[in-house]
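# Structure assessment
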Amino acid sequence: MSKIIDGKATALQIQDEIKYEVERRKKAGLNVPHLAAVLVGDDGASLTYVNAKVKACERVGFDSTLIKLPASTSESDLLDKVNDLNNDSSIDGFIVQVPLPDHINEEKVIEAISPYKDVDGFHAMNMGKMLLGLPGLIPATPKGIMMLLEKNNIETEGKHAVVLGRSHTVGTPISVLLSRNTKPGNSTVTLVHSRTKNLKEISAQADILIVAIGKPEFVTADMVKEGAVVVDVGIHRIDAPEKKSGFKLKGDVAFAEVSEKASAITPVPGGVGPMTITALLHNTLLAADKK
Ligand SMILES: NC(=O)c1ccc[n+]([C@@H]2O[C@H](COP(=O)([O-])OP(=O)(O)OC[C@H]3O[C@@H](n4cnc5c(N)ncnc54)[C@H](OP(=O)(O)O)[C@@H]3O)[C@@H](O)[C@H]2O)c1
Ligand SMILES: Nc1nc(=O)c2c([nH]1)NC[C@@H]1CN(c3ccc(C(=O)N[C@@H](CCC(=O)O)C(=O)O)cc3)CN21
């Protein structure tokens, strides 16, 4: 049986540090960090995220604002909203939840966000800084994974890390962070995607396996090396009529069978999700400091 890496407990520990910092800011007469989120439409994963995020802001003492827009919002109206938030000095950082409805160009919206308020770290300037190892805002999910590995003393140096998925928001940035000359980091990274020929063989060679594919229970025990560390980024709402909510959360990894083989594994819920939120709060603190 593997060790369960408790993302929730790690997240709460770091949130306590952030809360302490907020209190210090207050005593010093500085502003309380203010995070805003724009949600267009009602995508399931985004709703889960929004609810958890509002709660976390309350916990650490941040101000938070949620802006809900209908799925029919036009691209130019959304760009106007982004512009308002860029110019609103009471907001330190904000995110626009993705995916956006098909009629809105996501790249255009992300590039319109001020890089100094881009607490998702998706803007080209922040991505470029990350690639060069310069200080900037690092995408929340990969940053959260790095904090999780560090706080749980998972050795990454010299290890073969295999990343499944190459999205701009998760797979690509975590592959960069793990290969950088930092601690954690210094891994040898293989990035796997839908055109990879021998996914199963490569995945079974991983000392550290990061899974961000977006397919429920995609990774099975035969794809995992005995003793590997498995980080499951996937989040899926699966119908569960027996539950009060009507659904349960599942990851990209078949947890029951993979946890028999791995040395350590993150669960869903309670793994990467709470760390993403914590990294977002940390980015907001950095953004507030820059003002
Ligand atoms: N826990 C969190 O904080 C958090 C944050 C963000 C996302 N998520 C969840 O994480 C999952 C991944 O999100 P994402 O935004 O990275 O997903 P995404 O944008 O859909 O990207 C999925 C990636 O996986 C690759 N892929 C899909 N099917 C494949 C297959 N059969 N074989 C090999 N590669 C395959 C795709 O390859 P191509 O590039 O070739 O198409 C793509 O690069 C989702 O479940 C999402 O809800 C969780
Ligand atoms: N702009 C943007 N940035 C993001 O980081 C982001 C999006 N959009 N859109 C949705 C996805 C999914 N994300 C998520 C989804 C869930 C949790 C989360 O905290 N999940 C908890 C469960 C919460 C519950 O039970 O309600 C977990 O324990 O996994 C975090 C980030 C982050 N994502």
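The model shown is predicted, which means the values in this text are computed figures rather than measured ones. (Residues numbered from 1 in each chain as written. Chains lettered and ligands numbered in written order. Predicted model: local features only at pLDDT ≥ 70, side-chain atom pairs only at ≥ 80, totals over all residues. Heavy atoms only, no water.)

## Quick notes on the site of ligand 2
What surrounds ligand 2 is a group of 16 residues, the closest being Tyr49, Val96, Val98, Asp120 and Gly270. Val96 is positioned with one of its backbone polar atoms (N or O) 2.9 Å from a nitrogen atom of ligand 2. Between a nitrogen atom of ligand 2 and a main-chain N or O atom of Val98, the distance comes to 2.8 Å. Coverage of ligand 2 by the protein amounts to 79% of the 670 Å² it exposes when considered alone. Every element with two or more residues in the shell around ligand 2 is listed here: α2 (44–60) and α10 (272–289). Ranked by residues supplied to the shell around ligand 2, first place goes to α2 with four residues. By residue class, the composition of the shell around ligand 2 is 10 nonpolar, five polar and one charged. (Near = heavy atom within 4 Å. Polar contact = N/O pair within 3.5 Å; in protein donor to acceptor, adjacent residues only side chain to side chain. Areas by Shrake-Rupley, 256 points an atom, 1.4 Å probe, with all protein chains shown as cover. Helix = DSSP H or I, 4+ residues; strand = E, 2+ residues; numbered from the N terminus. Nonpolar A, V, L, I, M, F, W, Y, C, P; charged D, E, K, R; others polar.)

## Points about the environment of Ala124
Its place among the elements puts Ala124 in helix α5 (residues 124–132). The spacing of Ala124 and Glu260 is 136 residues in sequence and 40 Å in space, taken between C-alpha atoms.

## Brief notes about the pairing of strand β8 (residues 229–232)
The two faces of β8 match: Val229 and Val231 on one face and Val230 and Asp232 on the other face are all buried. Alignment of strand β7 (residues 208–211) against β8, held across four bridges, turns out to be parallel. Counterpart to Ile210 in the pairing with β8 is Val231. Two elements, β8 and strand β11 (residues 264–265), share two bridges in a ladder whose sense is parallel. Residue Val229 lies in a different strand from β11, and its bridge partner there is Ala264. (Buried < 20%, exposed > 50% of the residue type's maximum accessible area, 1.4 Å probe, protein only. Pairing = 2+ DSSP bridges.)

## Looking at the sheet that holds β7
On the basis of which strands lie adjacent, the open sheet formed by six strands has the order β1-β11-β8-β7-β5-β6 and parallel pairing. Either end of the sheet is taken by a strand with one partner, and the two such strands are β1 (3–4) and β6 (188–192). Packed onto the sheet, helix α7 (residues 171–179) meets β5 (160–164), β6 and β7 and runs at close to 170° relative to β6. (Contact = heavy atoms within 4.5 Å. Axes fitted to C-alpha atoms, helices over the stretch in contact; angles between N-to-C directions.)

## Focus on a nonpolar patch on the surface
Together, Leu131, Leu132 and Leu134 make up a nonpolar patch on the protein surface, roughly 340 Å² of accessible area in all. Looking at where Leu132 falls in the secondary structure, it is placed in helix α5. (Patch = residues over 30% accessible without salt bridge, like charges linked within 9 Å, V, L, I, M, F, W, Y side chains within 5 Å. Salt bridge = Lys/Arg side-chain N within 4 Å of Asp/Glu carboxyl O.)

## So, the side chain of Gln97
Note on placement: Gln97 falls in the loop between β4 (93–96) and α4 (106–112). Leave out the neighbours within four places in its chain, and Gln97 touches Val38, Leu39, Ser46, Tyr49, Val50 and Lys53.

## As for the site of ligand 1
As a structural note, the neighbourhood of ligand 1 is formed by 21 residues, with Arg166, Ser167, Ser194, Lys215 and Thr276 the closest of them. Between an oxygen atom of ligand 1 and a side-chain N or O atom of Arg166, the distance comes to 2.7 Å. Residue Val233 places a main-chain N or O atom 3.2 Å away from a nitrogen atom belonging to ligand 1. Relative to its unbound accessible area of 940 Å², ligand 1 is 69% covered by the protein chains.

## Some details on the packing of helix α1 (residues 7–27) against α10
The N-to-C vectors of α1 and α10 enclose an angle of 20°; their axes lie 8 Å apart at closest approach. Put simply, α1 runs roughly parallel to α10. Considering the relative orientation of α1 and α10, their crossing is left-handed. The residues of α10 that touch α1, namely those facing Gly7, Lys8, Thr10, Ala11, Ile14, Gln15, Ile18, Glu21 and Arg25, are Pro274, Met275, Ile277, Thr278, Leu281, His282, Leu285, Ala288 and Asp289. (Parallel < 35°, antiparallel > 145°, perpendicular 65-115°, else oblique. Left-handed = near helix turned anticlockwise from the far one by under 90°.)

## Concerning the UniProt feature "domain: Tetrahydrofolate dehydrogenase/cyclohydrolase NAD(P)-binding" (unreviewed entry) in the protein
In this structure's numbering, the residues bearing the UniProt feature "domain: Tetrahydrofolate dehydrogenase/cyclohydrolase NAD(P)-binding" (unreviewed entry) are residues 139–290. Span residues 139–290 is 32% helix and 18% strand, its end C-alpha atoms 17 Å apart. (UniProt positions renumbered as here; feature names shortened; annotations may be inferred.)

## Examining the environment of Lys68
Relative to the elements of secondary structure, Lys68 occurs in strand β3 (residues 63–69). We classify Lys68 as exposed; its relative accessible area is 58%. Along the primary structure Lys68 and Leu281 are separated by 213 residues, whereas in three dimensions their C-alpha atoms are 20 Å apart.

## Observations regarding the pattern of salt bridges
Scanning the entire structure with this criterion turns up eight salt bridges. Across the pair Glu17 and Lys151 runs a salt bridge, and its minimum N-O distance is 3.3 Å. Taken together, the positions of Glu17 in helix α1 and Lys151 in helix α6 (residues 140–151) put the pair 134 residues apart, joining distant regions of the chain.

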